[in-house]
Amino acid sequence: LWQSPPIELIADDIVLTPQHIYCVGHYRRVPGTPELWVVSRESGEVLSKTAVDGFPSFLGLSASGNRLFISTREGKLICYEGT
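In short, a report on the structure. The shown structure was predicted, so the numbers you read here are calculated from the model rather than taken from an experiment.

This part is about the pairing of strand β1 (residues 9–16). Sheet analysis places β1 next to strand β2 (residues 20–27), joined by seven bridges and oriented antiparallel. By the bridge assignment, D13 is partnered in β2 with V24. Between the end of β1 and the start of β2, which pair antiparallel, lie three residues.

Written out as structure tokens, the structure is:
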């Protein structure tokens, strides 16, 4: 079991996989572009943060195969492919 310190990112959606937690969100009270966070399920460590080109839709994150899809409120669908 692990805990994370308080964060300012407002999560629009979260997807769990066996090894990772994928979280996409935006900032409201502090300046910042929307981001996709990849977090280790085992340790809670943030493994990476990636800027998202658009404002994420609420419940607009999904995973399929080796890809992660983010829909935006502007009507875009962004695809990230793993290595």
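A word on the sheet that holds strand β6 (residues 67–72). Here we have three strands laid out as an open sheet, ordered β5-β6-β7, and antiparallel in their pairing. Edge positions in the sheet fall to β5 (56–64) and β7 (77–81), since each has one partner strand and no second. Between one strand axis and the next, the sheet turns through 20 degrees on average, direction left out of account. Sheet topology note: the β5/β6 ladder contains five bridges and is antiparallel. Bridge pairing links S62 to F69 in β6.

The next subject is the nonpolar core. Grouped together as the largest cluster of nonpolar side chains are ten residues: V15, Y22, V24, L36, V38, V52, L61, L68, I70 and I78. At the level of elements, β2, β3 (35–40) and β6 are the ones that each hand at least two residues to this core. The residues contacting V24, other than those within four sequence positions of it, are I10, A11, D12, D13, E35, L36, V52, P56, L61 and I70.

The next point concerns the pattern of salt bridges. Under the defined criterion, the tally for this structure stands at four salt bridges. The partner of D12 in a salt bridge is R73, and the shortest N-O contact between them spans 3.2 Å. Separated by 61 residues along the polypeptide, D12 in strand β1 and R73 in the loop between β6 and β7 bring together distant segments of the chain. R73 gets classed as partly exposed once you look at its relative accessible area, which sits at 48%. As a salt-bridge pair, D53 and K76 come within 3.2 Å of each other at their nearest N and O atoms. Of this pair, D53 sits in the loop between β4 (46–51) and β5 while K76 sits in the loop between β6 and β7, and the two are 23 residues apart along the sequence. Under the relative-accessibility criterion, K76 is labelled partly exposed at 34%.

Analysis parameters
- Sequence order sets the numbering: in each chain, residues are counted from 1 along the sequence as written.
- Local features in a predicted model are, by the rule used here, given only for residues with pLDDT of at least 70; side-chain atom pairs are given and counted only at 80 or more, and totals for whole chains, interfaces and linings are based on all residues.
- Heavy atoms throughout the structure, all of them, feed into the side-chain values; hydrogens and water do not.
- We treat two strands as partners when DSSP finds at least two bridges between them.
- Strands are runs of DSSP state E lasting at least two residues, helices are runs of H or I lasting at least four, and both sets are numbered from the N terminus onward.
- Inter-axis angles, ranging from 0 to 180 degrees, are taken between N-to-C directions of lines fitted to C-alpha atoms, where helices are fitted over the stretch in contact.
- To qualify as a nonpolar core, a set must consist of buried Ala, Val, Leu, Ile, Met, Phe, Trp, Tyr and Cys residues joined through side-chain atoms within 4.5 Å.
- Residue exposure (1.4 Å probe, protein chains only): buried if accessible area is under 20% of the type maximum, exposed if over 50%, otherwise partly exposed.
- Pairs of residues are marked as contacts when any of their non-hydrogen atoms sit within 4.5 Å.
- Any carboxyl oxygen of Asp or Glu that lies within 4 Å of a side-chain nitrogen of Lys or Arg is treated as forming a salt bridge with it.

Spatial relationships are all this shows, so hold off on functional conclusions.
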